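Observations on chain architecture
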Amino acid sequence: MASSSSSASPRTWRYRVFTSFHGPDVRKTFLSHLRKHFMCNGITMFDDQAIERGQTISPELTQGIRESRISIVLLSKNYASSSWCLDELLEILKCKDAIGQIVMTVFYGVDPSDVRNQIGEFGKVFKKTCAGKTEEKRRRWSQALYDVGNIAGEHFLNWENESKMIEKIARDISNKLNSTISRDFEGMVGLETHLEKIQCLLHLGNEDEAMIFGIWGPAGIGKSTIARALRNRLTCSFQLTCFMENVRGSYNSSLDEYGLKLELQEKLLSKILNQNGMRIDHLSAIQERLCDQKVLIFLDDVDDLKQLEALANKTNWFGPGSRIVVTTENQELLRKKCIKNTYYVDFPTPKEAREIFCRYAFGQSTPQDGFENLCERVSKLCSKLPLGLRVMGLYLLEKTKVDWEDILCTLESSFYSVDPDMERVLRVGYDSLHEKDHLLFLLIAFFFNYKDDDHVKAMLADNNLNVRLGLKTLEDKSLIQRSTQGNIVMHKLLQQAGRDAVKRQEPWKRKILTDADDICDVLETDSGCASVMGMSFNVSAIPNGVRISAKAFQNMRNLRFLSIYETRRDINLRVIVPEDMDFPTRLRFLHWEVYPGKCLPSTFRPEYLVELNLQNNKLEKLWEGTQPLTSLNKLELCGSTRLKELPDLSNATNLKRLDITGCWCLVEIPSSLGNLHKLEELEMNLCLQLQVVPTHFNLASLKSLRMLGCWQLRQFPERTGTDIERIPDCIKDLPALKSLCIVGCPKLVSLPELPGSLRSLLVRNCESLRTVSFTIDSPIVGFNFPNCLNLGEEARRVIIQKAGQVRAFLPGRKVPAEFLHRAIGNSLTIRSSFCSIFRICLVVSPTVEMKEEYVALLCRIRINGCPNEDNLFKAQVLKVQAEHLLILHIELLEEDGWLEQDNEVLFKFMTSSQELDIIECGIQILTDETNRNICSTGSYESRPEQESVYDDESLSDRSNEFDAPRVNIFEGFTKFLSLIFCFPFK
């Protein structure tokens, strides 16, 4: 019997199996045959028979269970007679959840349903064991038996030959052990998911031909770790294997191309054939030696096409069934080599990123108490890059909260002081760029992150950079990514690498100025030069302020991009701008936070400006008269609390976005705004004194109009604050409107006909609303009416009918009659065959006056008693004042042929808050006919709920929390093109 010592070697740990059984029920011959088969396969079987039993399981046994990779539970009719066995089972299932331990079952003379439901003889025995135990103990044991009874296993009664069953069990265990990750990679968050996806793409079952496969992604994302774990998993299936690391750094610069290729081939053959110092004299050596061998080769960190030409030029160099795996940051390299089978290593989810960090910082998957907010700061700092998360976790390990605070304050300005090697890793891709691509990389790092291609092209229109080709190069080298909306996204740590690259340049060669002290010197002494294209000035980094010279920008005639910003708000910070200061004449981008003057200098000429961002300024007006604004695309004035008037914008014919949020002193919007034909977004939130806006807008291009908190508005349209009783009929003529949000209009009685483009509708806290109007072919996929408590019966009927294949949230106390399967409470079991499409209706009720704005709903689904994680879904609802109906349409994923069977499907619904209960639930099974009928009445066209409202930032630290399949009820509508009427409400 194996020792349970924690000093077991990694191999012993990996091939260790714990077996839980009730000794008197299981024949000794069965156990001895099972142990013999295990030993033949190099597997150690550990059980509790030699351990002295007491009231609770011993630490020795607990340790033995935790150190095993697989646990087998032999469930016999008297298994539940032993509280010791039941406690063992609790520990086994705990290890299954916590560390991913594999659990296998053998039903030894007992039916799985008896175990699952604790009935029959098994149930009688269990009840006797529970006598005198606490209710909590009984509940935990019962849940454990339910869970283990749902794990598919071998049924002893189904086998005529016991030895064959034992052979199959031993074979299954051996296969599972060979396919699991070794202890070297244990606990690496998300690794198993990557490996499973890559194994599918490798088509290992096809042994007729070799394959070259590419794994690509940004530096520090974990490509090499994934490759090493993959090699560990697949090695036993190949005749020869090798891992050739750091191919990028393997060049000998003193050799010519032919010599370099010979040297690379020598290194590969020496490794894979285990012959040190091997020498070859021609480039056919790999093909000659390996063409009849089934090999597994990893070429790690390839960055040059010549390396691939030397090491894996053609698949016929290797024997049938061979797999050559290449890791690289450069997708273009794979494309040029016609490697079509590839896998992109994406950033982890926010949850995974936190877990990666916590495993290194705390040795567990969650933060220690009191460190939660600090962990969030680290995650934002690292922007989900695994390398950064690991480095930071190890650096902060065992440090106090005070140490964390001090360290993070320092690192938020200079990350690489933690680990200079990380800068070296991230710099590699940047250093390999050509000069023009260097410049584009730096411009994105300082000025264009999260912008779209058209915006960057407009900014660089007068430059000789090929923006399209340059962006493609950066993307191929994984130096930028794309959000789902197509915007450019550069990782924070790569931005830091760009800043450090500028600092390393000779001062007279710099095209972008970033050092605060250097910039102060330039602005105060007129010492700027013509080579400067951009200036990024953090004024928070200067202790004594700066007095800008009137001629400061005169010599910087090529300055295009000027960003002056704060990283902390300091009311004593002094930036003095002379009234006669000469502004740069060819600026395309001006971002100046807290501009100190009452008006821009008279020399200001915005003729070439594409973006003007003057947020949180002290301006009372922008400029006098009319300015040439034909290039202007965005005008950001949010937080201009002293601004009293807007200038004439009639020349801003290409303006797409105007943000005047928080312009408290602004009373009137000029009529010229109504004629901006290309205006798409108008933000007017919290303009507290605003009374007059143009009565006529050219609305052909307007997609988003936000007017939250414009409480003194006298016009547009006809409507003042909480006195709004109707929405104007002209709303139906807004052809680009996608989302409508109406909040806090207590006198609103009805909704007019809405535009045919509308996809999402939220009407909240409008307690007088009774009637709604929808066209027959309305494509709305989200009907949300929280706290519209007087909604009429006809309106409710229309909404429920149209919520056929979409979602609805509205007041209601009972599940509608069409949901034939109904139950009181939060769970419901139905029988269903040949159908995977359902409508769900929940009645939710607040238990107290709700304080939480959003409550998450979760549905767990069991099919024939087995948990089905693929079909778990989540939703969110807003806080409510009374009972509401939530109606969802879901389609379960087909798995293991269950759809073709007669199935028992259990739906169990839960909420994330004690403030909201699920008091009733209903299911409607949608057959082909009912589904067609609902489609025709519900006018369902598409399923945009599959999109995330945070897609635009999914590659930054601000991405969506939920990544599992889900149904979203309300997510703020921030992504949708919206018209929002928001007024105060109680």
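Not measured: the values here are computed from a predicted model. (Residues numbered from 1 in each chain as written. Predicted model: local features only at pLDDT ≥ 70, side-chain atom pairs only at ≥ 80, totals over all residues. Heavy atoms only, no water.)

Structural notes on the overall build of the chain
The following threshold applies: Each helix is a run of DSSP H or I of at least 4 residues and each strand a run of E of at least 2, with the numbering of both proceeding from the N terminus. Here's how the labels work: a residue is buried when its accessible area is under 20% of the maximum for its type, exposed when over 50%, partly exposed in between, all with a 1.4 Å probe on protein chains only. Note that accessible areas follow from Shrake-Rupley with a 1.4 Å probe, and for residues the cover is restricted to the protein chains shown.
The number of helices and strands found in the chain is 26 helices and 37 strands. Among the 986 residues that make up the chain, the fraction classed as buried is 54%. As presented, the chain carries roughly 44,300 Å² of accessible surface, and 47% of it is formed by carbon and sulfur atoms.

A look at the packing of helix α6 (residues 120-130) against helix α7 (residues 135-149)
Each pair of packed helices can be summarised by the angle the axes make with each other and by the distance between the axes. Applied cut-off: To get an axis, fit a line to the C-alpha atoms, keeping to the stretch in contact for a helix; angles then go from 0 to 180 degrees between the N-to-C directions. Any angle from 65 to 115 degrees is called roughly perpendicular, while one under 35 is roughly parallel, one over 145 is roughly antiparallel, and all others are oblique. A crossing counts as left-handed when the near helix is turned anticlockwise from the far one by less than a right angle, and as right-handed when that turn is clockwise. We call two residues in contact when some of their heavy atoms are within 4.5 Å. Nonpolar residues are Ala, Val, Leu, Ile, Met, Phe, Trp, Tyr, Cys and Pro. Charged residues are Asp, Glu, Lys and Arg, and all others, Gly as well, are polar.
For the pair α6 and α7, the least separation of the axes is 11 Å and the interaxial angle reads 155°. Here α6 lies roughly antiparallel to α7, going by the angle between them. In the crossing of α6 with α7, the sense of the turn from one axis to the other is right-handed. Contact with α6, carried on its side by Phe-122, Phe-126, Thr-129 and Cys-130, involves Arg-138, Trp-141, Ser-142 and Leu-145 of α7 and no other residues of that element. Grouping the amino acids of the contact of α6 with α7 by side-chain chemistry returns 5 nonpolar, 2 polar and 1 charged.

Examining the nonpolar core
Under the convention used in this document: What is meant by a nonpolar core is a set of buried Ala, Val, Leu, Ile, Met, Phe, Trp, Tyr and Cys residues, joined one to another through side-chain atoms within 4.5 Å.
Core analysis: the biggest nonpolar cluster contains 62 residues, and Phe-537, Trp-592, Ile-660 and Met-684 have the highest contact counts within it. Listed by contribution, the elements that provide at least two residues to this core are α24 (516-525), β14 (534-538), β16 (561-565) and β18 (589-592). The element that contributes the greatest number of residues to this core is α24, accounting for 5 residues. Once residues lying within four places of it in the same chain are set aside, the contact partners of Trp-592 are Ile-548, Ile-564, Val-575, Val-577, Met-581, Phe-583, Asn-613, Leu-614 and Gln-615. Ile-226, Phe-243, Phe-447 and Phe-589 belong to the second-largest nonpolar core, a separate cluster that totals 58 residues.

What about a positive patch on the surface?
Applied cut-off: Patch construction takes residues with relative accessible area above 30% that form no salt bridge. Like charges are linked within 9 Å, and nonpolar side chains (Val, Leu, Ile, Met, Phe, Trp, Tyr) are linked within 5 Å. Here a salt bridge means any side-chain nitrogen of Lys or Arg lying within 4 Å of a carboxyl oxygen belonging to Asp or Glu. Asp and Glu count as negative and Lys and Arg as positive, but His and the ends of the chain are not part of the count. Taken as the charge centre is NZ of Lys, CZ of Arg, CG of Asp or CD of Glu, depending on the residue.
On the surface, Arg-547, Arg-574, Lys-598, Lys-618, Arg-642 and Lys-644 cluster together to form a positively charged patch. Following the sequence through the fold, Lys-598 ends up in the loop between β18 and β19 (611-613).

A few points about the packing of aromatic side chains
The cut-off we apply is this: Two rings from Phe, Tyr or Trp (for Trp, the six-membered ring) form a pair when their centres are within 6.5 Å of each other. A pair whose planes differ by under 30 degrees is stacked, one over 60 is edge-to-face, and the rest are tilted. By the criterion adopted, a ring carries a charge over it if an Arg CZ or a Lys NZ lies within 6 Å of its centre and within 35 degrees of its normal.
Tallying each qualifying case throughout the model produces 19 aromatic pairs. Measuring from centroid to centroid gives 5.8 Å for Phe-357 and Trp-404, while their planes differ by 75°, and the two rings are edge-to-face. Remark: Trp-404 occurs in helix α18 (residues 401-411) and Phe-357 occurs in helix α15 (residues 350-361); sequence separation between them is 47 residues. By the burial criterion, Phe-357 is buried, and Trp-404 matches it. Between the aromatic rings of Phe-583 and Phe-604, the centroid separation amounts to 5.2 Å while the plane-to-plane angle is 75°, which identifies the pairing as edge-to-face. Taken together, the positions of Phe-583 in the loop between β17 (575-576) and β18 and Phe-604 in the loop between β18 and β19 put the pair 21 residues apart, joining distant regions of the chain. Judged on exposure class, the residue Phe-583 and its partner Phe-604 are both buried. Over the ring of Tyr-395 we find Lys-399; its NZ or CZ atom is 5.1 Å from the centre of that ring. In this structure, Arg-586 is placed above the aromatic ring of Tyr-608, and the distance from its NZ or CZ to the ring centre is 4.4 Å.

Details of unusual backbone geometry
The phi dihedral of Asn-246 falls on the positive side, at around 50°, and the residue is not glycine. By relative accessible area, Asn-246 is classed as partly exposed at 40%. Positive phi values are uncommon outside glycine, yet Tyr-450 reaches one of about 70°. Mapped onto the fold, Tyr-450 is located in the loop between α20 (435-448) and α21 (453-459). What makes Tyr-450 partly exposed here is its relative accessible area of 27%.

A word on the sheet that holds strand β10 (residues 342-344)
Formally: Two strands make a pair as long as DSSP finds a minimum of two bridges between them.
If you trace the 5 strands from one edge of the open sheet to the other, you get β7-β8-β9-β6-β10, paired in parallel fashion. Of all the strands in the sheet, just β7 (240-244) and β10 have a single pairing partner and so form its edges. Put simply, the sheet's adjacent strands are angled 10° from each other on average, direction ignored. As paired strands, strand β6 (residues 211-216) and strand β9 (residues 323-328) are joined by 6 bridges and run parallel to one another. Across the sheet, residue Phe-213 finds its bridge partner in β9, namely Val-325. Packed on one face of the sheet, helix α10 (residues 223-234) meets β6, β7, β8 (295-299) and β9 and runs near 165° to β7.

Description of the environment of Gln-881
Mapped onto the elements, Gln-881 comes out in the loop between β33 (873-878) and β34 (884-891). Separated by 70 residues in sequence, Gln-881 and Pro-811 have C-alpha atoms that sit 9.4 Å apart. The contacts of Gln-881, once residues within four sequence positions are left out, are Asn-765, Asn-787, Leu-789 and Pro-846.

Remarks on the pattern of salt bridges
Here the structure, examined in full by the defined rule, presents 40 salt bridges. A salt bridge links Lys-168 to Glu-154; the shortest N-O distance between them is 2.8 Å. Residue Lys-168 is found in helix α8 (residues 162-178), and its partner Glu-154 is found in strand β5 (residues 154-155); the two are separated by 14 residues along the sequence. According to the relative accessible area criterion, Glu-154 is buried, its value standing at 15%. In this structure, the salt-bridge partner of Asp-301 is Arg-248, at a minimum N-O distance of 3.2 Å. Of the two residues, Asp-301 sits in the loop between β8 and α13 (305-311) while Arg-248 sits in the loop between β7 and α11 (257-272), which places them 53 residues apart along the sequence.

Section: the state of the cysteines
Worth spelling out the cut-off: Disulfide assignment relies on a single distance test, namely cysteine sulfur atoms paired within 2.5 Å.
Applying the stated criterion to the full structure yields 0 disulfides. Free of any disulfide, Cys-358 has its nearest neighbouring cysteine sulfur in Cys-375, separated by 4.2 Å. Exposure remark for Cys-358: the relative accessible area of 1% places this residue in the buried category.

So, the packing of helix α9 (residues 191-202) against α10
Between α9 and α10, whose axes approach to 10 Å, the crossing angle comes to 65°. Viewed along their axes, α9 and α10 form a crossing whose handedness is right-handed. Across the interface between the two elements, Leu-191, Glu-192, His-194, Leu-195, Ile-198, Gln-199 and Leu-202 from α9 touch Ile-226, Ala-229, Leu-230, Arg-233 and Leu-234 from α10. Taken together, the residues of the contact of α9 with α10 sort by class into 8 nonpolar, 2 polar and 2 charged.

Describing the confidence of the model for the chain
As a reminder, the rule being used: Confidence scores labelled pLDDT are given residue by residue by the predictor and lie between 0 and 100.
Per-residue confidence for the chain gives a mean pLDDT of 80; residues scoring 70 or more make up 82%. Low pLDDT, under 50, characterises residues 1-14; the stretch is placed with 29 contacts to residues that sit more than four places away or in other chains. Within the model, the stretch residues 931-986 combines pLDDT values under 50 with 171 contacts to residues more than four positions away or in other chains.

Looking at the environment of Val-106
Structurally, the position occupied by Val-106 is in strand β4 (residues 102-108). When its relative accessible area of 2% is taken as the criterion, Val-106 is described as buried. Through-space distance from the C-alpha of Val-106 to that of Leu-75 is 6.1 Å; in sequence the pair is 31 residues apart. Excluding anything up to four places from it in sequence, Val-106 contacts Ile-72, Val-73, Leu-74, Leu-75, Glu-154, Met-165 and Ile-169.

Side note on α15
Rules: One less than the residue count of a helix, multiplied by 1.5 Å, gives the span that helix is expected to have.
When the terminal C-alpha atoms of α15 are compared, their 16 Å separation across 12 residues agrees well with the 16 Å that a helix rising 1.5 Å per residue should span. Among the residues of α15, those classed as buried are Pro-350, Ala-353, Ile-356, Phe-357, Cys-358 and Ala-361. The inward-facing, buried residues of α15 contact α16 (372-382), α17 (386-396) and α18.

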